[in-house]
Structures are given as structure tokens and as C-alpha cells.
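Here are the chains, one letter per residue:
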Amino acid sequence: MDGLERVLEFAQRFFHGAGGVAEREGNALKVLLPSDLAEELELPEETILGEGHIPLQLGSPVLDRMIRKATAAPPVVYGAIDPGYLKKAGFEQILARDFSFPNARLSLGQTADSRSTYMVVFVHYTALSDERKEGQVGVAVQEKSGAVLEGFLENWMWFQPAFFQPGDVPPHFPTDVSKAAQAALSRAQELAREDLAEFIHSMTRRLHRDVRNTREYYRALEKEMIAGLQHPTLGESQKAERAAKIQALPDEAARKIEDLRQKYSIRLTVRPAGAVRLLVGVVQVMLTLQYRKLQRGISVLWNPVTRAFDPLVCELCGATLRTIYCRDGNGRITLCCHACNR
């Protein structure tokens, strides 16, 4: 496929996805656009792009505006994983491996094949200090709970997911994924800081070095100026002026050190660069919790991609959990992390 053909194919898909209509006429596109899209692209609502008409090639203003709009929001693709085989037994051992309920008793109930949705989010990070560092990390989360999954990111591609065409996405995917997206970005910040450990150490070391040098400089300057007060040629007014400057040295040094702290402080920003949302066949396992005189049924999902149960989340702070504490929440068992349980 040559460059022109790729541009025309991109433009046709772009217009269809944005609510317009685009039909090929040789090496041109006859388009009908919604009024808001036409205004954004600075085009008439009905026009022809391409050969002999409004230019539509790499570098043309119209194509540049289309690319900016298409990439303004992170791209999202949808797919499904059919594992082919799901476990039927042996969940007791996996439960004991994957979860701990320190203050509750647990009993296993029925199991059933089910489906769950997951999001793999690719996050771009930028760290600004005296230098600039950039990179990308990936995070996988369960969309319903917002639990962060370990092992999913590394393994999902091996299952050869089938991807849906735009407009053919099944209704299983939730429309509100704000909780999952926030969990992914929070985890991405942690991963970014791990990636930046050497950079952070370098900035901290340089800050300590420059602060030490600044303090030594002002100590030496203070000694020199105090010694200069004894010079026989100085008049009383000159001595008073120099004494005032000596008194101001600590404040001046503090301002210089604060400037250094600002110079070497690290401002980390993360933004989603793209996401893959996947519908995966799982096993739903019903559990019964016994805490004091309270009982509660919960369900956990065995995930064939990670070959483990998906983590739960703290019902008070949203943290991803493998060790779950139970507490009495107005006559109902509340699942929480160690910190919230305290």
C-alpha cells in the first residue's frame, strides 16, 4: 500500500468514526461532515478532498488537523481472549496461595464459567528537574473493581486475542472506567518512580553537593567579612554597613539554598498514551466469609491469563489486596486493607 492509499484509508476511517460520511472517487474523497467537525477542521460541511480538490497529502493543513484530532485522546482498541480451557477444580490450593484472610474464616462455594473485562493501559511519564527524563510503563487493571493485576501485562498477547472492528464492540465493556483508569495511573506513577530511581538519586546527590558548597561559601565569606571589620582604614559608617551585610548573610544563603531545592525538585507527570480493553473468559468462584457472628458471600475470579485469582480491593480506600481484613461495617462485613482495619 503506497503513501497516498494509506492517507485515503486513514481519512475515510477518520470521517466515519467522527460521524461523517466519506466515499471514494478515484484518488479523492467526497465527504459530508457534521457541522461541529467541519468547523474544527475548517472545511465546508460538504466537500471533496484529494486529487484536483482540497489537498490531502502528508503535510497538508487538513491532514495535520485530522491527525491532531485523532491523537488528542489516547487510542483504545477492544478485543477478546478465549482461553480455550478453564479450570474446573483445585481452587482450594490456589485460594490459599493467592489470598489471606487473617481475621475471618473462609469456605468455598460453587464455581461457574463467566467473563470479565480488563484494561491494559500504556502510560507516558515525564520527569522535569535540572534535566528531563521521559519513558513509558504499562499497567493492567480489572475494569469493574480497579484492582491492579500482576502478570497480566506480560502474558495477554500470548493468548492471541481477537480484536473487534469499530462499531462491532460487544456491550460487555462498562461505560464508566474512571475507577480503573485512576488505579492504573496511580500504579503508573509508582512504576515511573521505580524507573527513575537512578535519575532521582542523581538529582538528590547534586542538590546535596550544591547545598554543601553554598553553605561552605557563605561560611567562608562571613569569616572574611568579619576579619575585614578590623581593617584600620574603615570608618564607623563603613563598619556599620559591613556588619549589616554580615547579618544578612544567613538569609541570603537560605534563599540560594531554596533556589537550589527548586532547581533540583522533580516534577513528575503521567498521561495515558493508549489502552487495550479485553473481554476474557474466567471462572467465578463463590466464597463465604465468617467474621465473628457475621457472614457474607463474595465472588472471586480465576484468571487464565495470570493463572491466579484477581486481587480484591479495599472497600474503604480502593487499594489492591491479597491480604484482606474483615471488619464490622454497620452489621455487614467490610473488606479492607491493614491500614484501614487499624
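The preceding data block contains the structure.
Throughout what follows, the structure given in this document is the object of discussion. (Residues numbered from 1 in each chain as written. Predicted model: local features only at pLDDT ≥ 70, side-chain atom pairs only at ≥ 80, totals over all residues. Heavy atoms only, no water.)

## Notes on the packing of helix α1 (residues 3-17) against helix α3 (residues 61-70)
Alright, step 1. Contact geometry of α1 with α3 gives a least axis separation of 11 Å together with a crossing angle of 55°. Here α1 lies oblique to α3, going by the angle between them. Along this stretch, α1 crosses α3, giving a crossing that reads as left-handed. Contact residues: α1 offers V7, F10, A11, F14 and F15, while α3 offers L63, M66, I67, K69 and A70.
Alright, step 2. Of the residues that constitute the contact of α1 with α3, the class distribution is 9 nonpolar, no polar and 1 charged. (Axes fitted to C-alpha atoms, helices over the stretch in contact; angles between N-to-C directions. Helix = DSSP H or I, 4+ residues; strand = E, 2+ residues; numbered from the N terminus. Parallel < 35°, antiparallel > 145°, perpendicular 65-115°, else oblique. Left-handed = near helix turned anticlockwise from the far one by under 90°. Contact = heavy atoms within 4.5 Å. Nonpolar A, V, L, I, M, F, W, Y, C, P; charged D, E, K, R; others polar.)

## Examining the packing of aromatic side chains
Alright, step 1. Taken as a whole and assessed by the stated rule, the structure comprises 9 aromatic pairs.
Alright, step 2. Each ring, one from F99 and one from F101, has its centre 6.3 Å from the other, and the planes form 50°; the classification is tilted. The exposure classification of F99 matches that of F101, with both residues buried.
Alright, step 3. Plain terms: the ring middles of Y217 and Y218 are 5.1 Å apart, the flat faces sit at 85° to each other, and that makes the pair edge-to-face.
Alright, step 4. One aromatic cluster is present, built from ring pairs that chain together F91, F99, F101, W302 and F309.
Alright, step 5. A cation over an aromatic ring shows up here: K87 above the ring of F91, its NZ or CZ 5.7 Å from the ring centre.
Alright, step 6. Lying across the ring of F99, R322 places its NZ or CZ 5.6 Å from the centre. (Phe/Tyr/Trp six-rings, centres within 6.5 Å; stacked < 30°, edge-to-face > 60°. Buried < 20%, exposed > 50% of the residue type's maximum accessible area, 1.4 Å probe, protein only. Lys NZ or Arg CZ within 6 Å of the ring centre and 35° of its normal.)

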